[in-house]
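Listed below are the residues making up each chain.
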Amino acid sequence: MNCLIVGAGIAGLAAAQALRSGGWKVTVADKGRGPGGRLATRRIGPQRFDHGAQYFSALSPQFRQAVEEWLAADVAAPWFEVEGSPRYRGREGMSAIAKHLAAGLDVRLSTRITRVVHRAGLWHSELEDGSILTSEALILTPPLPQTLDLLGPLTEGLPPALNQVTYAPCFALMLSLDGPSALPDEGYLRPESGPFTWIADNTRKGISPGPAALTLHVSAEVTQAHYDTPHEDLAPALIEAARPAIGAAAVREWQLHRWRYSLVTQPGPEPCYFTNDPGPLALAGDAFGPPRIEGAYLSGFAAAKALSGAL
């Protein structure tokens, strides 16, 4: 059997690894320039910024096993603990986890799927340039609104609960400083008030050269209110609000990234959705579990298991 997986985030990559180990031929297509989705690490000059997911925990035995393998491969490392429970980071940024999972897979980047249809016993996935990828089975892992757009008329047969999944947006502000930040030694802060919900120093986190490389996540409320504001108009006010974290340093360079589907606020009830009508199709991702990296990973694995068990 062969399967096309749309999306090279952690759900798609987990599904691909599981299917490949079961003898499937797997192709992964992603519109981005690198794998990972919100496992995202950006360079600004020599510095690295995790600007999507910041860390992950491992609660389930299945995911703990995966994390142990990442630790052994030196692509993940502990960062901090919460009530004795470790939180992990990518060794050189969160994207390192995705690159590790993508190794050895047929991952086609900068490949945007615009429509999927099923005919003559096969899934036909149409690319922007008009070319077609065909597969016997299909797994869709983008944010659910994008998945539903791909399916078009095929959404009529989907459970109504899928239309109730909601997301919150988030701006990620990245600041390169000319001196140390004012963050605590552990390198992160959860502000109790103001426009930011999370601030991290990627230098103290251990993924970037110094003197400081800050990532600041803006609250969903502020992001929504200013979603269409030009970045150059919004950034000065955000930088001023960040002064307590910046301290005495000056900002050398800044970038602002807009995550439309940053956090699932109302997930679906199951770890994935699977149907054989009109053909083998699974929907997976963080929309189908707890809004964490672990949930997305387990969702991808559940999608692969559903396909393998049904065919």
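Scroll up to find the structure this text is about.
Values in this document were obtained by computation on a predicted structure and should not be read as measured data.

Caption draft 1: Seen up close, the overall build of the protein. Secondary structure assignment for the protein yields 9 helices and 18 strands. A globule of 311 residues ought to have a C-alpha radius of gyration of about 19 Å, and the protein, at 20 Å, matches this closely. In terms of its C-alpha atoms, the protein occupies a principal-axis envelope of roughly 65 × 45 × 35 Å. Counting across all 311 residues of the protein, residues that qualify as buried make up 51%. A separation of at least 24 residues holds for 66% of the contacts in the protein among residues at least 6 apart in sequence. Carbon and sulfur atoms provide 50% of the accessible area of the protein, an area that totals close to 13,900 Å². Seen as two clouds, the 26 positive and the 30 negative side-chain charges of the protein have centres 4 Å apart.

Caption draft 2: Spotlight on the nonpolar core. Counting residues in each nonpolar core, the largest one holds 42 residues, and the members touching the most others are Ile5, Leu19, Phe56, Phe63, Trp70 and Ile139. Of all the secondary structure elements, the ones that give two or more residues to this core are β1 (2–6), α1 (10–21), β2 (25–29), α2 (61–72), α3 (95–102), β11 (137–140) and α9 (293–310). It is α1 that contributes the most residues to this core, 8 residues altogether. Apart from the residues lying within four places of it in its own chain, the contact partners of phenylalanine 56 are Phe63, Val67, Trp70, Ala76, Pro86, Arg87, Tyr88, Arg89, Met94, Ile97 and Ile293. In terms of nonpolar packing, the next biggest core, distinct from the first, is built from 25 residues, Val6, Leu151, Tyr261 and Ala287 among them.

Caption draft 3: View of the sheet that holds strand β7 (residues 106–108). What the 6 strands build is an open sheet, ordered β7-β2-β1-β11-β18-β17; its pairing is mixed. Lying at the two open borders of the sheet, with one neighbouring strand each, are β7 and β17 (273–275). Neighbour-to-neighbour, the strand axes of the sheet open up by a mean angle of 15°, direction not taken into account. Sheet contacts for helix α4 (residues 144–151): β1, β11 and β18 (281–283); angle to β18, the most-contacted strand, approximately 155°.

Caption draft 4: Layout of the packing of aromatic side chains. Scanning all chains against the criterion turns up 15 aromatic pairs. A centroid spacing of 5.0 Å and a plane angle of 75° characterise the contact between tryptophan 79 and phenylalanine 80, whose relative ring orientation is edge-to-face. As far as the burial class goes, tryptophan 79 and phenylalanine 80 line up, both buried. Ring geometry for tryptophan 79 against tyrosine 188: centres 5.8 Å apart, planes inclined by 70°, an arrangement best described as edge-to-face. Taken together, the residues span a long stretch of sequence, with tryptophan 79 in strand β5 (residues 76–82) and tyrosine 188 in strand β13 (residues 188–189) at a distance of 109 residues.

Caption draft 5: Expanded view of the side chain of serine 60. Its location among the elements puts serine 60 in the loop between β4 (47–50) and α2. Judged by relative accessible area, serine 60 falls into the buried class, the value being 19%. A polar side-chain atom of serine 60 sits 3.2 Å from the main-chain amide nitrogen of phenylalanine 63. Each residue touching serine 60, except ones within four places of it in the same chain, is listed here: Glu294 and Leu298.

Caption draft 6: Summary view of the pattern of salt bridges. Throughout the structure, instances matching the rule amount to 9 salt bridges. For the salt bridge of arginine 91 with aspartate 74, the shortest nitrogen-to-oxygen distance reads 2.8 Å. Taken together, the residues arginine 91 in the loop between β6 (85–90) and α3 and aspartate 74 in the loop between α2 and β5 connect sequence positions 17 residues apart. The partner of arginine 112 in a salt bridge is glutamate 128, with the nearest N and O atoms 3.4 Å apart. With arginine 112 in the loop between β7 and β8 (113–119) and glutamate 128 in the loop between β9 (122–127) and β10 (132–135), this residue pair connects regions lying 16 residues apart in the sequence. Overall, the relative accessible area of 59% leaves glutamate 128 in the exposed class.

Reading the values: rules and limits
In this convention, every chain numbers its residues from 1, walking through the sequence in written order. Only residues with pLDDT of 70 or above have their local features reported here, since the model is predicted, and side-chain atom pairs are shown and tallied only from 80 upward, although totals for entire chains, interfaces and linings are computed over all residues. Calculation of side-chain values draws on the structure's entire complement of heavy atoms; hydrogens and water are dropped beforehand. Secondary structure follows DSSP: runs of H or I at least 4 residues long count as helices, runs of E at least 2 residues long count as strands, and numbering of each begins at the N terminus. Each radius of gyration is computed over the set of C-alpha atoms, and the globule rule expresses the reference value as 2.2 Å times the number of residues to the power 0.38. Accessible area is worked out with a 1.4 Å probe on protein chains only. A residue is then buried under 20% of its type maximum, exposed over 50%, and partly exposed in between. Residues count as neighbours in contact if any of their non-hydrogen atoms are within 4.5 Å of one another. Only the protein chains shown count as cover for residues, with accessible areas throughout obtained via the Shrake-Rupley method and a probe of 1.4 Å. The sign given to each residue is positive for Lys and Arg and negative for Asp and Glu; His and the chain ends receive no count. Every charge is mapped onto a representative atom, which is NZ of Lys, CZ of Arg, CG of Asp or CD of Glu. Each nonpolar core is a collection of buried residues, namely Ala, Val, Leu, Ile, Met, Phe, Trp, Tyr and Cys, held together in the definition by side-chain atoms within 4.5 Å. In this analysis, strands are considered paired if DSSP registers two or more bridges between them. In this analysis, axes come from line fits to C-alpha atoms, helices being fitted only over the stretch in contact, and the angle between any two N-to-C directions falls in the range 0 to 180 degrees. Stacked, edge-to-face and tilted labels apply to pairs of Phe, Tyr and Trp rings (six-membered ring for Trp) whose centres lie within 6.5 Å, assigned for plane angles under 30 degrees, over 60, and everything in between, in that order. Pairs of N or O atoms are called polar contacts if they sit within 3.5 Å, as long as, within protein, a hydrogen donor faces a hydrogen acceptor (for residues adjacent in sequence, only side-chain-to-side-chain pairs). Put simply, a salt bridge is a Lys or Arg side-chain nitrogen that is within 4 Å of an Asp or Glu carboxyl oxygen.

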